[in-house]
Structures are given as C-alpha cells and as structure tokens.
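Chain residues, written in single-letter form:
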Amino acid sequence: MSVVKGLLVGNAAFAIQTVARLFSTAIVARLITPLEMGIWTLGFALIGLFQIMRDFGTATFIQTNKELTNEQIKVCNGLQLIVGLLFFVVFTLAAEPIAAFYKEPRVSQVVYVLALGFLIMPLSSTSFNLFIRDGRFALKSGIDFVAQMLMYAGTVAFAFFGASHLSAPISVVIAQILVVILCFHYRNRQYPLGYSFKNVTHVAKLSGTALSVSLIQHAADKSPDFALPKTQGFAEASIYEKGVNCLELVKLAVVELVGSVLVSSLRIRSEKDSNVFPSLASDTLSCLAVLAVLGSSLLAVNAFDFLNTLFGAQWVGAQSTLKVLAFATPFVCMTAFLTKVMYLQSMHSIVLRLAFVTRLIVIGLVLILANGPILTLAYGVVIAEILFFVAYAYVNRNKLAWGRFVVPTIIDSLICVCIVYGVHHGIKHWFNLNSVFALAINSGLVAIIVAIVFFIARKSTVNKLRNCLNL
C-alpha cells in the first residue's frame, strides 16, 4: 500500500502544484513580456545543464544501486560539494561573457542569482534522493510541494513589484533554501551527513555514467533555448519554449511523479522475485505510455483554449509548436522509463552509448534547423524522438514482455485520443463557450469518459495498473 499512498499523496500534491503553477504563470505572463521571460529561460537552461553536472549522477546512483553503504552516501555528499563549489566559481566569472555573447546584459544578472544554487543544492540532494530510495514518497512529495508553492508565490510577488527577469530566479533560490531546511529536519538519522572520498572511484564510475546520460539529455532538450535566442530572438525563443513547457507538465507527471514511484516499486519487487521483472516492467511501461498519450492529446487538442486562458493572447502563437511536439511526448516518456530499466539491469555503459548517439543527433538537428521555421524544428524533434524510442526498445527486446505491451497499448492509446477529440469537437459543435469554460468542461468530461470506458471495456488495462500498484 506504500506505493498507492505515495501515488495518492504525490498526485494530490502534483494537482495542486499544477494549478498553482498555471495560475502563477498566467499572472506573470501578464506582468512581464515574452522578452523578459526569454531572458530567464536562457538562464535556467544554462544553469540547469550544469546543475545536472553538480549532481554528478548521484541521484540515479542512490535510487537504483542495489546496495548502498554509509561510506557511499558520504562519497555522494563529497562529490556534490566539490563540483558545486567549482561551478559556482565558474559561473560567477562567466556571467558577463555569457551576456556579451547573447548581446543582452540582463542575462548576467540571472546567471549570478541562479549560480547560488550550486552552493545550496548539495546540502539537500542526497537526503532528498534517499527519501525516494526508502519509499518515503509522501514525504518527498510534501517537501517538493511546499518548495514549489513558495517558488510560484514568490515569482508572482517579485514580478508584481517589478523584479522583471529576476522574479523566477530569486524565487527558485529561496525555494532551494527551504528544501535544505526541510530535508535536514526530516532526514533518516541512520544515514550520515559527512563527506568522504574513500573509494570515490567506484561511486564516480557508476554515477558518472548517469551524469553523462543526464547531461547529454538535458543539453538536447534545452538546445533550442541555446540556439533560438541567437537565431530567432528572445521573444520567438520564449514562444517556442512556452509550448515545450506546457508539455513538460505531462512529462513531469508521467516520468517524475508516477514513473519514479513505479520504478522504485519495480526495483523492490524484482529483488524479491526476478521472474516478475519482464511482465511488471512491460505493464508499467504500458500504463505510463497511455497516461502520456492522454495528457499530451488533451493539451494538443485544447491548445488555443489552454494558452489563451492561462497566459493571454500574446502567447497563443505557441499552440502550433505545442500541437506538433505533443506527438513526441509519449515516446519521450517511454524512453525515459526504458533508461531506468537499463539502470536496474546494470546496463550502464549501453545507456551511455545510446544517450550519446541519440542526443547528439538532436543537438545537431536543432543547430541545423534553428535558422528555419520553428515548426520545421518541431517536426524534426518528433521524428527523432520516435526513432530513439525504437532504438531503446530494440536494446530492451529481451528485458520486457513486449507481447503484453504493443497491441494493448496501441488500442488503449487510440481509445484515449478518440475520446479527447470526440469530446472537444462535440463541445465546439453544440456549445459556444469561451476558453475558460471550454477547457474546464473538456478536461472534466474526458476524465469521466476515460474512467468509465476503461472500467467497462478495458478491464485488462485496469488489471495492469493494479499489478503495477501491487494491489
């Protein structure tokens, strides 16, 4: 029942966070311009890339390593501390040259503020990931919930009082400090807080693989943020990123919220009985895929109403990007899960090689297409993500029971898409509603109809979900 409890608490927290995030973004989008938001988006992309390096892959090491000693925990602390201090110094010195490269002085201010995170995050990162390893999902979700709510409220407040492009960066730093305080208070006292570099090579070897994969993945995901401000301008880059950010809600819910809990459950249950791994992994992948299809199709079909309601008319230009990239979102989510499956199977070197090849292709694709129409770039990303999923599936062809996955998942996905499109066009045909009511009624009806259809006609899928939740 800990898995169910973790998902219930996590989903409740995620639902409230999502509402708060959308509400705060809707306010902020009316208080600042796309240009100002584009400036902090670039700053987050730059710092985020190196925040992953600051972690040095220890998050994945802590969550997936079969045995974790106190000495290894100290080594994880030490690695993060040294790397974080190094990057703080680097970005403090590099802020002005980065701003000069993009010909926007305000970029340096964002970099200065966000660089503080390199000193703050190492103080809580290990404890936060130990919550996930120990199955303390409710606590992890609770801490994340409080920090996120503070960040959203702070962003609105700072934007209202004229902080402009610094509104979100300042709020993020304050939220990071809160996470440190909460993690220290609720940490498991059995785990050490100290630092060590004994046997650092062993930990660094395994965590370094996860680091390289995460780094390449992030660089590929954020490559439009690096390229578009230079080729298209900050406003256009911000419009593109708004479409990406909307779909990030789906990815966050499927991969980080639901996926992290189910992966932890998969690890624990397969350690007790290795024979359950293929079927349980395929059932988990199927459930995550259907959730991703449902979420991304709901956003894509209601793109105009979603953007107009939450962000205002100046952001509706992002709907084209959102609709195109929605096709890639389920494949991105499935690839992320297959990566975790490979970690659980100790296939670290293969993960690294796959990530290196596939993500470099994305980066090259973005650099080539960034000078052309933005939609061309979006279509290129979609095609690439589909091919990458096929590659990851082929590598895992003997790890999962694919017979349980392929046909049922396609049927379930088509059902979800048909329901979403049917509800949307039915409401448009019979009612003349403004964006707010159209979005609310669409979402509510889709949720009700999907639940009814699956409980009546797709009981096998419901049983898969029960299997994943260990019910």
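Preceding this paragraph is the structure being described.
Because the structure is a prediction, the values reported are computed rather than measured.

Q: How should I be thinking about the overall build of the protein chain in this particular structure?
A: If you tally the helices and strands in the protein chain, you get 20 helices and 0 strands. Its C-alpha atoms give the protein chain a radius of gyration of 22 Å, near enough to 23 Å, the size a compact globule of 471 residues would have. The principal-axis extent of the C-alpha atoms belonging to the protein chain is close to 65 × 55 × 40 Å. Considering the protein chain as a whole, with its 471 residues, one finds that 56% of them fall into the buried category.

Q: Just to check I follow, could you spell out the nonpolar core for this structure?
A: In summary, soluble globular proteins display a tendency toward joint burial of nonpolar side chains. Judged by nonpolar contacts, the single largest core of 104 residues is most densely connected at V107, L285, F306, F311, L325 and L338. Tallying contributions element by element places helix α11 (residues 234-272) first for this core, with 16 residues. Once residues lying within four places of it in the same chain are set aside, the contact partners of V107 are I39, L42, I98, A99 and F234. If you look at the next biggest cluster of nonpolar residues, it comprises 14 residues, including M151, Y152, A175 and L182.

Q: Got a minute to help me understand the packing of α11 against helix α13 (residues 303-311) in this structure?
A: A pair of packed helices can be characterised by two numbers: the angle between their axes and the separation between those axes. Between α11 and α13, whose axes approach to 12 Å, the crossing angle comes to 100°. Considering the angle they form, α11 stands roughly perpendicular to α13. Mapping the contact onto sequence places K242, C246 and L249 in α11 and F306, L307 and F311 in α13. A per-class count over the contact of α11 with α13 returns 5 nonpolar, no polar and 1 charged.

Q: So what exactly am I meant to see when it comes to the pattern of salt bridges here?
A: Two side chains of opposite charge can pair, provided their charged atoms sit close to one another. In total, this model carries 4 salt bridges according to the counting rule given. D283 is the partner of R404 in a salt bridge, and the nearest nitrogen-oxygen pair spans 2.6 Å. You can see R404 sitting in the loop between α17 (374-395) and α18 (406-430) and its partner D283 sitting in helix α12 (residues 277-301), a full 121 residues away along the chain.

Q: Explanation requested: the environment of Y240 in the structure shown.
A: Inspection of the secondary structure puts Y240 in helix α11. The exposure class assigned to Y240 is buried, which follows from its relative accessible area of 3%. A C-alpha to C-alpha distance of 21 Å links Y240 and A253, two positions 13 residues apart in sequence. Apart from residues no more than four positions distant in its own chain, Y240 is found in contact with P224, L228, T321, L325, I374, L377 and V381.

Q: Would you mind showing me how to read helix α15 (residues 329-344) here?
A: For an α-helix, the turn length of 3.6 residues means that residues three or four places apart are oriented alike. If you check α15, its first and last C-alpha atoms are 23 Å apart, about what 16 residues at 1.5 Å a residue would give, namely 22 Å. When you tally the buried positions in α15, you get 13 out of 16 residues, the bulk of the element. Of the residues one or two after α15, S346 is the one with positive phi, at around 60°.

Q: I would appreciate a short explanation of unusual backbone geometry in the present structure.
A: Glycine aside, residues mostly have negative phi angles, and peptide bonds mostly take the trans form. Positive phi outside glycine occurs at K103, with the angle close to 55°. Mapped onto the fold, K103 is located in the loop between α4 (70-101) and α5 (106-114). Although it is not a glycine, S164 sits at a positive phi angle of roughly 55°.

Q: Sorry if this is basic, but what is going on with the environment of N188 here?
A: Mapped onto the fold, N188 is located in the loop between α9 (167-186) and α10 (200-231). Taking the relative accessible area as the measure of exposure, N188 reaches 24% and is therefore partly exposed. Each C-alpha atom of the pair N188 and L130 lies 8.5 Å from the other, and the pair is 58 residues apart in sequence. Side-chain polar atoms of N188 contact the backbone nitrogen of Q190, separated by 3.0 Å.

Q: Please explain the environment of L400 as it appears in this structure.
A: One can find L400 in the loop between α17 and α18. Residues L400 and F161 lie 239 residues apart in sequence; the distance between their C-alpha atoms is 53 Å. Once residues lying within four places of it in the same chain are set aside, the contact partners of L400 are P278, A281, S282, L285, L338 and V341.

Q: Help me understand the packing of aromatic side chains in this model?
A: Each aromatic ring pair is summarised here by two numbers: the centre-to-centre distance and the angle between the ring planes. The full count for this structure, using the stated rule, is 6 aromatic pairs. Ring plane angle 85° and centroid distance 5.2 Å describe the contact between F160 and F161, whose orientation is recorded as edge-to-face. Members of the aromatic cluster, each reached through a chain of ring pairs, are F87, F91 and F118. The positively charged end of R397 is found above the aromatic ring belonging to Y394, 4.1 Å away from the centroid.

Q: Mind showing me how you'd approach the packing of α12 against helix α20 (residues 459-468) here?
A: With their axes 9 Å apart at the nearest point, α12 and α20 run at an angle of 115° to one another. The interaxial crossing formed by α12 with α20 has left-handed handedness. Of α20, the residues touching α12 (which contributes L280, D283, T284, S286 and C287) are K464, L465, N467 and C468. Here the residues of the contact of α12 with α20 are counted per class, giving 4 nonpolar, 3 polar and 2 charged.

Q: Looking at this structure, I do not really get the state of the cysteines. What am I missing?
A: Here a disulfide denotes one covalent bond, and it connects the sulfur atoms of two cysteines. Applying the stated criterion across every chain, the model contains 0 disulfides. With no disulfide of its own, C76 has C183 as its nearest cysteine by sulfur position, at a separation of 15 Å. C416 supplies the cysteine sulfur nearest to C418, a cysteine that is in no disulfide, at a spacing of 9.4 Å. Judged by relative accessible area, C418 falls into the exposed class, the value being 54%.

Here is what the cut-offs are and how they apply
- Residues numbered from 1 in each chain as written.
- Predicted model: local features only at pLDDT ≥ 70, side-chain atom pairs only at ≥ 80, totals over all residues.
- Heavy atoms only, no water.
- Helix = DSSP H or I, 4+ residues; strand = E, 2+ residues; numbered from the N terminus.
- Rg over C-alpha atoms; globule rule 2.2 N^0.38 Å.
- Buried < 20%, exposed > 50% of the residue type's maximum accessible area, 1.4 Å probe, protein only.
- Core = buried A, V, L, I, M, F, W, Y, C linked by side-chain atoms within 4.5 Å.
- Contact = heavy atoms within 4.5 Å.
- Axes fitted to C-alpha atoms, helices over the stretch in contact; angles between N-to-C directions.
- Parallel < 35°, antiparallel > 145°, perpendicular 65-115°, else oblique.
- Nonpolar A, V, L, I, M, F, W, Y, C, P; charged D, E, K, R; others polar.
- Salt bridge = Lys/Arg side-chain N within 4 Å of Asp/Glu carboxyl O.
- Expected span 1.5 Å × (residues − 1).
- Polar contact = N/O pair within 3.5 Å; in protein donor to acceptor, adjacent residues only side chain to side chain.
- Phe/Tyr/Trp six-rings, centres within 6.5 Å; stacked < 30°, edge-to-face > 60°.
- Lys NZ or Arg CZ within 6 Å of the ring centre and 35° of its normal.
- Left-handed = near helix turned anticlockwise from the far one by under 90°.
- Disulfide = S-S within 2.5 Å.

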